[in-house]
Protein chains: 2
Amino acid sequence: MEIDGRNRVIIEGVTPEIDGGRFAAKRVAGDVVTVEADIFADGHDLISAVVRYRRPGESEWREQPMKALVNDRWRAEFALEMLGVYRFTIDAWIDHFLSWHGDLEKRVDAGQDVAVELLVGRAMIEAAASRAKGRDQKRLRSYLEDLDGEGSADERADALFDDDLVALMARNAERTFVTSLGRELPIEVDRLRAGFSSWYELFPRSTGKLGEHGSFATAADELPRIAAMGFDVVYLPPIHPIGTTHRKGVDNATAATAADVGSPWAIGSGAGGHRAIHPQLGTMDDFRSFRRRAEALGIEVALDIAFQASPDHPAVTEHQEWFQKRPDGTIRYAENPPKKYQDIYPFHFESDAWRTLWNELRDVFLHWAAEGVRIFRVDNPHTKPLPFWEWVIGEVKRAYPDAIFLAEAFTRPKIMYYLAKAGFSQSYTYFAWRNSKEELTDYFTELTTGGVSDFFRPNAWPNTPDILTEFLQYGGRPAFLMRLILAATLSANYGIYGPAFERFVGAAREAG
Amino acid sequence: MEIDGRNRVIIEGVTPEIDGGRFAAKRVAGDVVTVEADIFADGHDLISAVVRYRRPGESEWREQPMKALVNDRWRAEFALEMLGVYRFTIDAWIDHFLSWHGDLEKRVDAGQDVAVELLVGRAMIEAAASRAKGRDQKRLRSYLEDLDGEGSADERADALFDDDLVALMARNAERTFVTSLGRELPIEVDRLRAGFSSWYELFPRSTGKLGEHGSFATAADELPRIAAMGFDVVYLPPIHPIGTTHRKGVDNATAATAADVGSPWAIGSGAGGHRAIHPQLGTMDDFRSFRRRAEALGIEVALDIAFQASPDHPAVTEHQEWFQKRPDGTIRYAENPPKKYQDIYPFHFESDAWRTLWNELRDVFLHWAAEGVRIFRVDNPHTKPLPFWEWVIGEVKRAYPDAIFLAEAFTRPKIMYYLAKAGFSQSYTYFAWRNSKEELTDYFTELTTGGVSDFFRPNAWPNTPDILTEFLQYGGRPAFLMRLILAATLSANYGIYGPAFERFVGAAREAG
C-alpha cells in the first residue's frame, strides 16, 4: 500500500480539464481563468484548498487559495498574462486549526468549559510560531502570551476570535496529510486575436483589372476598403506556384485551356513549392510589401496552408519517399473512389520517412512565421493524420507562441472537435447551414456549453469560395445582411469571402 | 518524440469509464456489458477496432470486434460470467485491406481499369497467407490463384467480392500502426443480489414478548412472515455488546435508567467488541441458527457495521493508539459542537497507528464473512475517511467476491456518489423525501442517466428507524402503500424497517 491513509480529502470534477488533462484548455492573454473542483472529506472538519500554477517556461509554483461555493464546489481564479502553456494543480487538506477555531466558537457560545480545548489550539499556534519568521512569529507569540495570561478560559478564548490569527495560521501552519490532484492540467494562452477576430478572404489574382491576373500589388489596393469595413485579418488562398500537369479548367473541367490559371491548391511547379510564391502574384518582396501595408492598416495577413503537391512540386522528385508508389511505379494521386484528382499528389503519412515529412511540413510553417505570418488557415486538416496536427501546432507555437491556426475541416463533429483539442486555435463550423432560430440556438448552445468552449473556438463564415448556401442564393441582400450579423454576433470570430459577399453575389452556377 | 506518427486512429469517449478508469463500473454476473467509444481517423480509410478484455484473475486477453454505429461511435459487447474485476481496453487501426476492398468495388462499378489495384490487394492477401495456418492458409492461397488466373482484371476482381475473404483477412492480416486506448478500464462484477434485492430491517431485541428482550430465537420466528412478504435480505442493526458508560436513555435522554437497554450503536462492553454478540441476543451458535433458518427461507442476513466504540469497548484499553487523546489525557468522545455524544468514542483515523486500525476494521468484516455473512450495511461511512472505504471494500472483496456493501450515507450528493465509486455496492438515497411526480422523476432521472448508474445503485427505503417522513406521518395506509410501490418499482433494490412499516405505524414522537 503506497497511499497515506490519513490524506482524507478528495479532489475531483476539476474544470477546466479536457479529457483528464490530455489536452489544454484554451484562453487568451488578459483572461482570468476560473478553476473549480469538487473538494470534500469525511466528517465535519473544515478543508483548505489552493490552486497551484506555473506560468509558461517557469518552474516556480504560484498559489491561489480556493473558496467554497455551495455543494462541495470550490473555486479560485488567477490572471493569465503570458502567451504559452500554464499548468495548474490543486492541493487540499483538512485544516485542523480552522476546524478547531470554528468549534471553539460554538463551544463558547454554548457556554461549555473550553480550558482543555485551549490547550489543543495552543499547541497548534505554538507549532506555527516556531515555523514562522519575523513579524509573523512575533504576532503568533503574542497570541500565545494572551493564552497563557490571566483570566477565565472564556476570556482567553475571546482573544482568538480574530481574522488576523486565522490569516497568520493560514500562512504559517503546517499543512498535514495533503491531498494533491496528482496531475498538472494545461491551459494554453493565445493572444486576443485567437479568440476575437474578423476575417476577409480574397484571391489576390482576382484583384486585377478585368481580364488581367491580379498580384500582391493590386490586392494591396483593396486593403483600405477591407480595413474600412472593420476586418482585422485578410486571408489569402495558397500563394504558391501552381502545377501544370493535369491542371483543371473552369468548373473542375479535366482539361485546362492555355488561358486557365489552375487551382491554387495544386501546389508546386518548377518555380518552387510551399515556400515559394506564384510568379504571377509577385516576388517575396512584393508579399512583404503587401503584409506591411496590411499591418499599417491594422490588418494581419493569414495564409492558407494546404499540404498536398501538384505532380510538378519539387518534392515529387526530390523526396519520392514522401509519396506512395503504386505497383506500376506511378505515384498515387488523390482519389475518393471513383473520383480522381490527378492534379494532386497527397503526402503519404504512413511512409517510413514520416519523420522527415513531418519535419518538412513543420518547416513550411516556420518559414512563413519567419516571414512575419502568424495566422494560418489550414486546408482540409481532417485528411492528414490527427496526431500530426497535435505535434506540428505544438512545435510551431513553441517557437511562435503568437501563432494562430484555423482548421478548415467541414467534416464529422467528433473530428472537428478533436482537431480543436489537438491544438487548432479556431475552427470553421456548420453555421452556414443553420438557418432557423431553433437550429442556430441548438448549435451555438452546443458550442458554448458542456466544456466545448474550453477547446473549440468557432469561426463563423456565411460564405466561402466553396460555400454559397441556398439561403444566400435565394435571399438577396437581406439574406446577406442577416447572415453577416448572425456570424458576427453569434461567434467572436467570423469571416466572409469577398468581394462576392459584400456585393451580395448570390447567383449559383446551378440551382441549389 | 516517442509516438509513431503512423498510428492514425483516435479512440476517445469510452463507456463505461468512470473518472478515466480511476474507478470500476459496476455490473452483475450474467450481464452483457456494452462497451462504446468514439473511434475515427483522418481521411476516408476504413477502421477496424476490437475490445480486448481479461476476466478476473486471468492474464489471457480475449477479444470482441467492435461495430460502427453512427457518427463515429463504435460498440462491442461481451458477457460477464465471473465475480470480480474484469478489465478491458480497445485497439483500433486503419484496415488497409478493408479500405482497398471497398474502393475496389467502387472502381469496378465505375468501370475503371483495376489491373494495378489488383496487384495492391494481391500483396496484402499474400502477406496474410504467409501468416495464416492450415485451412485459412489454403483458402487464402486459393484467392491468390484466382487472382493469378486467366480473365480480365474485372473478372478476377469479381472473385474477391466475398465475405469469406473479408473474414479470412480479418483473422490473418497483420494489424499495422495500431492505436491502443492506453489504459485498462475496470468493470466490477457482483452477484445478482448486489443489483436486485429487497430488504427487511428489524431489531431482534424487539421481537420478544411484550416487555421482554428479544433474541435471535424470537427473531427467527419472524422469518417465515418476512419471507412470505417476498423479502430476500433481513438486516439487523448492530448485534454486538452494548456499552454502559454514559448509556443513553429513551429518546436520547443523557441519563439511562437501569431498565434502559442502550443504543446498539454504542458498541463494546466487557462481553466484547465488534466480533462479539450482545449476550441478551444469544450466542454465536444462536446467531448461526438464525442465519441458517433465514437461508432455508431464501433470505440472506445482512449485518450493520458501525465503526465506533463505547467507552467500554475492549479496544479502548487494548489499543489506546486508535483513539484521540485530549491534552488532559481523556479520550476524545464524539462531538459535533456544541452537541456531545459521550457514549461514543470515534476511531482516530489520523492516528500514527492508522495501518493497524485499518487492518483491524478489515478483520471485523472478514470475521463476519467467515461466519457466512456477505451483506454489510455500513453505518455512517461518510464519517470515516473515504480512502479507507476504497481500501477495505477492495480487501474484503478480494477474499469474498460475493460480498455486498450498502452505504448508509444520508449526506451531501458528491460524497454519496464518491462512496459508491469507492466500492459500495448499494447506497441509501434521498428517495424518502422526494414526494411529487416532478421530484421523483428528476431524482431517478439523475440516478439513471449520465453514467451515474454505472457506479451508484440506489436502495430505496420509505422508512428506517431514523426516518419517518411527514408523508407517512399524515398519509395513513395509502401513503405506506404508495411509498412501498414507488420504492420497489423505481429502484431495483428497496427495503423497509418493520414491523412498523407493514403495520402502518405513522405516529411521530413529535409533530413533523
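Quick note: structure is the one above.
Right, let's walk through the structure included here. (Residues numbered from 1 in each chain as written. Chains lettered and ligands numbered in written order. Predicted model: local features only at pLDDT ≥ 70, side-chain atom pairs only at ≥ 80, totals over all residues. Heavy atoms only, no water.)

The next subject is the pairing of strand β3 (residues 32-40) of chain A. Residue and element names in this part refer to chain A. The element β3 is largely enclosed, with a buried count of seven among its nine residues. Strand direction decides the pairing type here: strand β1 (residues 10-15) and β3, joined by four bridges, are antiparallel. Residue pairing for β3: I11 is matched across the bridge by I39. Across seven bridges, β3 lies against strand β7 (residues 73-79) in antiparallel orientation. What sits directly across from D38, in β7, is R73. (Buried < 20%, exposed > 50% of the residue type's maximum accessible area, 1.4 Å probe, protein only. Helix = DSSP H or I, 4+ residues; strand = E, 2+ residues; numbered from the N terminus. Pairing = 2+ DSSP bridges.)

Here the focus is the packing of aromatic side chains. Residue and element names in this part refer to chain A. Scanning all chains against the criterion turns up 82 aromatic pairs over all chains. Here the aromatic rings of W199 and W461 are separated by 6.3 Å at their centres, their planes lie at 70 degrees, and the arrangement is edge-to-face. With a gap of 262 residues between them, W199 in strand β11 (residues 197-201) and W461 in the loop between β21 (458-460) and α14 (470-490) connect regions that are remote in the sequence. The same class applies to W199 and to W461, which are both buried. Every member of this aromatic cluster is reached through a ring pair, and the members are F307, F349, W354, W358, F365, F376, F388, W389, W391, F405 and F424. Looking at R483, its charged tip hangs above the ring of F471, at a distance of 5.6 Å from the centre. (Phe/Tyr/Trp six-rings, centres within 6.5 Å; stacked < 30°, edge-to-face > 60°. Lys NZ or Arg CZ within 6 Å of the ring centre and 35° of its normal.)

Attention shifts here to the interface of chain A and chain B. With 60 residues of chain A at the contact, the number on the chain B side is 60 residues. Carbon and sulfur atoms supply 55% of the area that chain A and chain B bury against each other, a total of about 5300 Å² over both sides. Between K414(B) and D38(A) there is a salt bridge, and its shortest N-O distance comes to 2.7 Å. For the pair chain A and chain B, the number of links is 25 residue pairs in polar contact (both at pLDDT 80 or more). Elements with a minimum of two residues in the side of chain A that touches chain B: β1, β3, α1 (96-109), α2 (115-131), β15 (334-336), α10 (354-370), α11 (386-399) and α12 (413-422) of chain A. (Contact = heavy atoms within 4.5 Å. Buried area = accessible area lost by both parts, 1.4 Å probe. Salt bridge = Lys/Arg side-chain N within 4 Å of Asp/Glu carboxyl O. Polar contact = N/O pair within 3.5 Å; in protein donor to acceptor, adjacent residues only side chain to side chain.)

Right, let's talk about the environment of W368(B) for a bit. Residue and element names in this part refer to chain B. Residue placement: W368 occurs in helix α10 (residues 354-370). On the basis of relative accessible area, W368 is assigned to the buried category, the value being 0%. When the C-alpha positions of W368 and S427 are compared, they lie 21 Å apart, and in sequence the two are 59 residues distant. Excluding its chain neighbours within four sequence positions, the residues that come into contact with W368 are I239, H240, H274, R275, A276, I277, M284, F287, L303, I305, V373 and F376.

The subject of this paragraph is the packing of helix α11 (residues 386-399) of chain B against helix α12 (residues 413-422) of chain B. All names here are of chain B. One way to put it is that α11 packs onto α12 with a least axis distance of 8 Å and a crossing angle of 25 degrees. It follows from the interaxial angle that α11 and α12 lie roughly parallel. Both α11 and α12 take part in a crossing whose hand is right-handed. In this structure, α11 uses L386, W389 and E390 to contact α12, whose residues at the interface are I415, Y418, L419 and A422. When grouped by side-chain class, the residues that make up the contact of α11 with α12 number six nonpolar, no polar and one charged. (Axes fitted to C-alpha atoms, helices over the stretch in contact; angles between N-to-C directions. Parallel < 35°, antiparallel > 145°, perpendicular 65-115°, else oblique. Left-handed = near helix turned anticlockwise from the far one by under 90°. Nonpolar A, V, L, I, M, F, W, Y, C, P; charged D, E, K, R; others polar.)

Here we take up the environment of R434(A). All names here are of chain A. Position of R434 among the secondary structure elements: in the loop between β20 (426-428) and α13 (437-448). For the pair R434 and F444, spaced 10 residues apart in sequence, the C-alpha to C-alpha distance is 9.9 Å. Dropping the residues within four chain positions of it, R434 is found in contact with E439, L440, Y443 and R483.

To continue, consider the relation of the copies chain A and chain B. You can overlay chain A on chain B at an RMSD of 0.1 Å; the transform is a turn of 180 degrees with a shift of 0.0 Å along its axis. In the structure described here, the two chain copies are related by an operation that fits a two-fold rotation axis. Minimal C-alpha distance to the rotation axis in chain A is attained by G20(A), lying at 3.4 Å. Interface residue correspondence from chain A to chain B reaches 100%, placing this contact among same-surface, isologous pairings. (Least-squares fit on C-alpha atoms with pLDDT ≥ 70 in both.)

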